[in-house]
Amino acid sequence: MKSVASAPGKVILFGEHFVVYGVKAILCSINKRVKVTSITTEEDSIYIKSNLGNITISRSKSLDEIKSPFLPFLYLAKTLLDKFDKKGGIEVTIESAIPSGVGLGSSSACCVAAAASISGLFTKYSKKEILKFAIEAEKTIFENTSGADCTVCTFGGIIEYDKENGSKKIDSPSNFHFVISNSNIPHSTNSVVDKVNHYKEKNELVFSSLCKEETELIKKAVQYLKESDLGSLGKILTKNQEYLEKIGVSNNKLRKMIEIANQTSYGSKITGAGLGGCIISLVNEAKLDQTLENLEHKNFECFSAKIDSKGLDTF
Ligand code: PMV
């Protein structure tokens, strides 16, 4: 028996870091995907294979003893085999076109595609049910995940998210062209979040006024997205970057990338935790190649991306 699923990566358009303190964020899934193939096997073992490495465990092994980035997939395989009372094991193959560890949602996309692919061996769950398993799986390695990444990877498109109200889809007629440039500096989201918390404690007033400004920016962003007003959206991306600079999550390499991208785009900012990872630029299709060329000319890794409106797909 074989089951295949694929899910997209994501970018944060607005609101990273401030979202931790209750402000809204806007996330968007992108057309870079991960594909997960699962097959049932006769041996009592779970085998995970990916371009980042392999792991095999016996079904009887307790997950508490396992320290591995593949823990979410082992969790899914074990939980679903037990839930459907199946004998034997599962082999899971992960093929990803999403760079990992740079804020593009590769972990969430893998959890969503794996939850769909593994559960698809035994039943046909709705997207909502698959999302629940994917978030549980991601929590085995990111205990405090908000679930926003998994949500946008499952349903696709653009969502607004806040801690209190969860996520809501934004209907936008736009078909944006993004340029994503990767600093190739891996970032630890937790340590950057801690750094911002430290900044907040030392600068309570400034931070609370930045949260208010970010909230206003996000109201405008929702409106511009609905109106497909790319020029205005670009300007507020750049404005959002000023706030990220203030809270100390930028660095010289990211600033240089942004400066080059801004010469030919509507606007640019860091996407995700910062201090590494990627920047995102909103570009006019006619300026896409020039933007990529300018970044490549300075040896910055970059690629173009569009919104993925499909989300999770099963085969
Ligand atoms: O892990 P990343 O790079 O996608 O960024 C996470 C976004 C933060 O707002 C910095 C943290 C969070 O939990 O929302």
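Each remark here, short or long, concerns the structure printed above.
Nothing here was measured: the structure is a model prediction, and the numbers come from that model.

### Thoughts on the packing of aromatic side chains
Here comes step 1: In this structure the tally under the stated criterion is 8 aromatic pairs.
Here comes step 2: On the basis of an interplanar angle of 45° and a centroid distance of 6.4 Å, the ring pair of F70 and F73 is categorised as tilted. The exposure classification of F70 matches that of F73, with both residues buried.
Here comes step 3: Here a set of aromatic residues connected by ring pairs shows up, and it is made of F18, Y21, Y199 and F207.
Here comes step 4: The aromatic ring of F133 is capped on one face by K132, whose charged end is 4.7 Å from the ring centroid.

### Description of the site of the ligand
Here comes step 1: In the neighbourhood of the ligand, the contacting residues comprise K10, I12, E16, H17, V19, V20, G103, H187, T189, V193, G272 and A273.
Here comes step 2: In this structure, an oxygen atom belonging to the ligand sits 2.9 Å away from a side-chain N or O atom of K10.
Here comes step 3: A distance of 3.0 Å is found between an oxygen atom of the ligand and a backbone nitrogen or oxygen belonging to A273.
Here comes step 4: With the chains in place, 78% of the 380 Å² that the ligand exposes on its own is no longer accessible.
Here comes step 5: More than half of the atoms belonging to the ligand lie within 2 Å of the grid points that define the largest pocket.
Here comes step 6: For the shell around the ligand, the secondary-structure elements that each account for two or more residues are β1 (2-14) and α5 (189-202).

### Let's talk about the pairing of β1
Here comes step 1: Here β1 lies mainly inside the structure; 12 of its 13 residues are buried.
Here comes step 2: Direction of pairing for β1 relative to strand β2 (residues 25-41): antiparallel, over a ladder of 12 bridges. Bridge pairing in β2 places K2 opposite I39.
Here comes step 3: Summarising the sheet, β1 and strand β12 (residues 313-314) pair through 2 bridges and their orientation is antiparallel. Considered in β12, the bridge of S6 is made with D313.

Definitions and limits used
- Residues numbered from 1 in each chain as written.
- Predicted model: local features only at pLDDT ≥ 70, side-chain atom pairs only at ≥ 80, totals over all residues.
- Heavy atoms only, no water.
- Phe/Tyr/Trp six-rings, centres within 6.5 Å; stacked < 30°, edge-to-face > 60°.
- Buried < 20%, exposed > 50% of the residue type's maximum accessible area, 1.4 Å probe, protein only.
- Lys NZ or Arg CZ within 6 Å of the ring centre and 35° of its normal.
- Near = heavy atom within 4 Å.
- Polar contact = N/O pair within 3.5 Å; in protein donor to acceptor, adjacent residues only side chain to side chain.
- Areas by Shrake-Rupley, 256 points an atom, 1.4 Å probe, with all protein chains shown as cover.
- 1 Å grid on protein atoms, 1.4 Å probe; cavity = no way out; pocket = protein on both sides within 12 Å on 5 of 7 lines; lining within 4 Å.
- Sits in = over half its atoms within 2 Å of the grid points.
- Helix = DSSP H or I, 4+ residues; strand = E, 2+ residues; numbered from the N terminus.
- Pairing = 2+ DSSP bridges.

So far we have only geometry, and geometry alone does not tell us how the molecule works.
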